[in-house]
Amino acid sequence: MKSLSDADEGVPMAEPPPEDEVVKVRTMLNAQKTSPKENPKYSDEEIMEANELRLMKLGRRGGCRNRRGGKGLKCNCLGILENPVYRSMVGSYTLAMFKKKKEDRDQSIIEWIKYKRAAEKNKTGNKGSSKDKHFLLPYDRETKINWDDVDDSTVLDLSPVQNARLCTSALLDVIEIGAKKYQRLDRIASKSFIPRPH
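All values reported here derive from a predicted model rather than from experimental measurement.

### Some details on helix α7 (residues 179-189)
Within α7, burial applies to A179, Y182, L185 and A189. Down the axis of α7, the buried side of the element spans an arc of 120°, and every buried residue falls inside it. Residues of α7 that are exposed and angled more than 90 degrees away from the buried face: K180 and R187. Buried positions along α7 lie against α4 (102-121), β1 (135-136) and α6 (168-175).

### Re unusual backbone geometry
Peptide bonds are trans in most cases, and residues, glycine excluded, mostly fall at negative phi. Non-glycine residue E176 carries a positive phi angle of around 55°. Relative to the helices and strands, E176 resides in the loop between α6 and α7.

### Concerning the environment of F135
Examined against the element boundaries, F135 turns out to sit in strand β1. Separated by 32 residues in the primary sequence, F135 and C167 place their C-alpha atoms 6.4 Å from one another.

### A word on empty space enclosed by the protein
Tallying each qualifying case throughout the model produces two cavities of 30 Å³ or more. Of the voids in this model, the largest cavity is the one considered here, and its volume is about 40 Å³. Counted by class, the lining of the largest cavity contains five nonpolar, no polar and three charged residues. Volume-wise, the second largest cavity comes out at about 30 Å³. L58, R61, G63, C64, R65, N76, L78 and D173 are the residues that line the second largest cavity. The residue makeup of the lining of the second largest cavity, split by class, is three nonpolar, two polar and three charged.

Rules behind the numbers
Residues numbered from 1 in each chain as written. Predicted model: local features only at pLDDT ≥ 70, side-chain atom pairs only at ≥ 80, totals over all residues. Heavy atoms only, no water. Buried < 20%, exposed > 50% of the residue type's maximum accessible area, 1.4 Å probe, protein only. Helix = DSSP H or I, 4+ residues; strand = E, 2+ residues; numbered from the N terminus. Arc of directions from axis to C-beta. Contact = heavy atoms within 4.5 Å. 1 Å grid on protein atoms, 1.4 Å probe; cavity = no way out; pocket = protein on both sides within 12 Å on 5 of 7 lines; lining within 4 Å. Points joined across faces, edges and corners; volume = space filled by probe spheres on them. Nonpolar A, V, L, I, M, F, W, Y, C, P; charged D, E, K, R; others polar.

What follows is the structure, given as structure tokens:
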């Protein structure tokens, strides 16, 4: 019996499209909001598919890019997104997050930063390096799984997504925010020291 983390082994993965062919998910959401409800520019299904392709590209990159400048990173925090089931769970969460009001999105990130700061205090020697993986991977445990492409003997094992840890650059890629915005939210988070798990 295989675990879910092995579910996609031996199954050729569709090649993600070139960067210029992937429309930014939040751009699509904004266009959907401003277009007539009876004839939206993008359907929910199109936006979900674009988000999955975006995450697929992140999973297949082979390593984390340094979003804050400086030397390249040796970690590959988002390799877990190569698994289609885990990718759907992360995709469902991020899409719901993108649909929130800006203030609510920012507050979620601030709480994550507080959690990271607390985790850093319990670890020594890792701060500022690619080993500094204190962010939890955001995912939706209520995601409806499409089991059509998954072997019947597969066991649903959530431990890989539950135990996954991200460096800061990987988190910025997953939730699509820039380094400058992160720095601004980091300064806000530094004014409060009551972390909540995310």
